[in-house]
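Take a look at the letters that make up each chain.
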Amino acid sequence: MTVKHATIYNNRTGTAGGGGIFLRDAASRLTLRNSILVGNQSTNGANFRQESGVVDSGTSYNLVGMSGVSGWSASAGMGTGSFTPTGGIDQVIIPTLAQQTGDKTGYFNLSVNLGNGSVAFNKVPMASCSSEDQRGYVRQYQGIFVNCDIGAIETVKTDTDGDGIIDALDN
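Keep in mind the model is a prediction, meaning the values are calculated, not measured. (Residues numbered from 1 in each chain as written. Predicted model: local features only at pLDDT ≥ 70, side-chain atom pairs only at ≥ 80, totals over all residues. Heavy atoms only, no water.)

Novice: Now, about unusual backbone geometry: what can you tell me, with residues and values included?
Specialist: Of note in this structure, Tyr-61 is not a glycine but carries a positive phi near 50°. The exposure class of Tyr-61 is buried, given its relative accessible area of 18%. Although it is not a glycine, Ser-67 adopts a positive phi angle of roughly 50°. Relative to the assigned elements, Ser-67 resides in the loop between strand 8 (63-64) and strand 9 (72-73). Given the relative accessible area of 44%, Ser-67 is considered partly exposed. (Buried < 20%, exposed > 50% of the residue type's maximum accessible area, 1.4 Å probe, protein only. Helix = DSSP H or I, 4+ residues; strand = E, 2+ residues; numbered from the N terminus.)

Novice: Go over the pattern of salt bridges, please, and point to the residues and values.
Specialist: Taken as a whole, this structure holds 4 salt bridges when the rule is applied. A salt bridge links Arg-29 to Asp-56; its shortest N-O distance comes to 3.0 Å. One end of the pair, Arg-29, is in strand 4 (residues 29-33); the other, Asp-56, is in the loop between strand 7 (54-55) and strand 8, and 27 residues separate them in sequence. For Arg-29, a relative accessible area of 45% puts it in the partly exposed group. Given a relative accessible area of 17%, Asp-56 falls into the buried group. Among the salt bridges present, the one from Asp-133 reaches Arg-135, with a minimum N-O distance of 2.4 Å. (Salt bridge = Lys/Arg side-chain N within 4 Å of Asp/Glu carboxyl O.)

Novice: For the side chain of Asp-149, give the residues involved together with the corresponding values.
Specialist: One can find Asp-149 in the segment after strand 13 (147-148). Residue classification places Asp-149 among the buried positions, given a relative accessible area of 0%. A polar contact is formed between the side chain of Asp-149 and the backbone nitrogen of Thr-155, at a distance of 2.7 Å. (Polar contact = N/O pair within 3.5 Å; in protein donor to acceptor, adjacent residues only side chain to side chain.)

Novice: Residues and numbers for the nonpolar core, please.
Specialist: Counting residues in hydrophobic clusters, the biggest one holds 14 residues, and the most contacted among them are Ile-36, Leu-63, Ile-93, Leu-114, Ala-120, Val-124 and Ile-150. Of all the secondary-structure elements, those providing two or more residues to this core are strand 5 (36-38) and strand 11 (108-114). Beyond its immediate chain neighbours, meaning those up to four positions away, Ile-36 contacts Ala-6, Thr-7, Ile-8, Leu-63, Val-92, Ile-93, Leu-114, Ala-120, Ile-150 and Gly-151. Val-3, Leu-23, Leu-37 and Val-64 belong to the second-largest nonpolar core, a separate cluster that totals 13 residues. (Core = buried A, V, L, I, M, F, W, Y, C linked by side-chain atoms within 4.5 Å. Contact = heavy atoms within 4.5 Å.)

Quick look at the structure:
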């Protein structure tokens, strides 16, 4: 199974396995790329637990856990470019209930957006990025941004400091 540009957040299990992802069959193979695993709960590997199977060497650019605790219980590492932030959930994502627009108007969707100044901003080299995020928005790079965001939703980069340049001081 390949999981790419996903945000896996706020799932819970009992004692059986990982709250976010549980790899338990010997024939299972997981490639996890450009994804966020955070806020999941289990007594055994809160975000990821590998009981059997293989974590593919292509696993890369993941943000796993928070407050310095990854919740990654596996024989393999989290992959190239992957990290666990030292801060809390507010440094990573902001879960919001947002009304959808366009042809899906009229329903609400729990959306997990990157928070202002999120450590998941611009961490994945563009060559490793999907062309669109989960909403169908183009994953973009502008100015000095030559990377896309980790997770399911790409942040639209704007000149938030008003200096006329989209740079690292924005968003």
